[in-house]
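Here is what each chain is made of, one letter per residue.
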Amino acid sequence: AVHEMFEKHTAQKTYRAVCSPSSSASFAFLAGLKEGEGFCCENFIGRISAKSSACKIGLVAEGRGGQFEKTHFLLAAKKDGFLYLDAFPLTGRTHQIRVHLSLLGIPIVGDSLYGGRDGFRELGGRIMLHASCLEFPHPVTGEVMAVRAALPEGFEPY
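Residues numbered from 1 in each chain as written. Predicted model: local features only at pLDDT ≥ 70, side-chain atom pairs only at ≥ 80, totals over all residues. Heavy atoms only, no water.

Colleague: When you look at the sheet that holds strand 7 (residues 144–148) in this model, what are you seeing that I'm missing?
Modeller: The strands making up a sheet are joined through hydrogen bonds of the backbone, oriented either antiparallel or parallel. The sheet built from 7 strands is open, its strands ordered 3-2-4-5-1-6-7 with antiparallel pairing. For this open sheet the edge positions go to strand 3 (57–59) and strand 7, each flanked by a neighbour on one side alone. Strand-to-strand twist across the sheet, computed as the mean angle between neighbouring axes with direction ignored, equals 35°. Here strand 6 (residues 129–137) runs beside strand 7; their pairing, made up of 5 bridges, is antiparallel. Along strand 7, the bridge assignment pairs Pro 137 with Val 144. Here helix 3 (residues 96–103) sits on the sheet in contact with strand 1 (12–19), strand 2 (38–47), strand 3, strand 4 (67–79), strand 5 (82–89) and strand 6, set at roughly 70° to strand 4. (Pairing = 2+ DSSP bridges. Helix = DSSP H or I, 4+ residues; strand = E, 2+ residues; numbered from the N terminus. Axes fitted to C-alpha atoms, helices over the stretch in contact; angles between N-to-C directions. Contact = heavy atoms within 4.5 Å.)

Colleague: Could you clarify how one ought to interpret the pairing of strand 2 in this entry?
Modeller: Strand residues, when the strand is regular, have side chains that alternate between the two faces of the sheet. Here strand 2 runs beside strand 4; their pairing, made up of 8 bridges, is antiparallel. Pairing of Phe 44 across the sheet is with Phe 68, part of strand 4. As defined by bridge partners, strand 2 adjoins strand 3 across 3 bridges and the pair is classed as antiparallel. From the neighbouring strand, Ile 45 faces strand 3, where its bridge partner is Leu 59.

Colleague: Looking at this structure, how should I read the packing of aromatic side chains?
Modeller: The geometry of two aromatic rings is summed up by the distance between their centres and the angle between their planes. Going through the model one piece at a time under the given rule, you end up with 3 aromatic pairs. For the pair Phe 39 and Phe 73, a centre-to-centre distance of 5.2 Å together with 25° between the ring planes defines the contact as stacked. With Phe 39 in strand 2 and Phe 73 in strand 4, this residue pair connects regions lying 34 residues apart in the sequence. Residue Phe 39 is classed as buried on the basis of its relative accessible area of 10%. Ring geometry for Phe 82 against Phe 120: centres 5.2 Å apart, planes inclined by 70°, an arrangement best described as edge-to-face. Residue Phe 82 is found in strand 5, and its partner Phe 120 is found in the loop between helix 3 and strand 6; the two are separated by 38 residues along the sequence. This pair shows no difference in class: Phe 82 is buried, exactly as Phe 120 is. (Phe/Tyr/Trp six-rings, centres within 6.5 Å; stacked < 30°, edge-to-face > 60°. Buried < 20%, exposed > 50% of the residue type's maximum accessible area, 1.4 Å probe, protein only.)

Here is the structure:
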């Protein structure tokens, strides 16, 4: 039942990402975006690195094996040049959120593989992406269950 839930996308995952715009184009894209507003990103992606190296995913045409991916993003806050985004992946591809944000020019802080600036030293330099909630229908009762993980230090714009 759990496998089917993920395969049919009846489970909804929520992530928090702390991002830093990396180009003037990304600044222009985000300039008019207000807290609470959202946007979507969808592409075809696949592995672009050699099998012998760290896995890196990027744009790959559907005809060349790229898999469709789609993520909805919601701007939770802007503060001190950082964006606090909630991400809702509608598909479940490897590195999906990381790739989408990188392609938009707003890579995740600490994500050097996808162009993110150095992580916050005081937080150990980690990639600033956190799985914060998983919602799914109970396999027997159908009641919506929510499993939440509190946001760690650095994921709120205080």
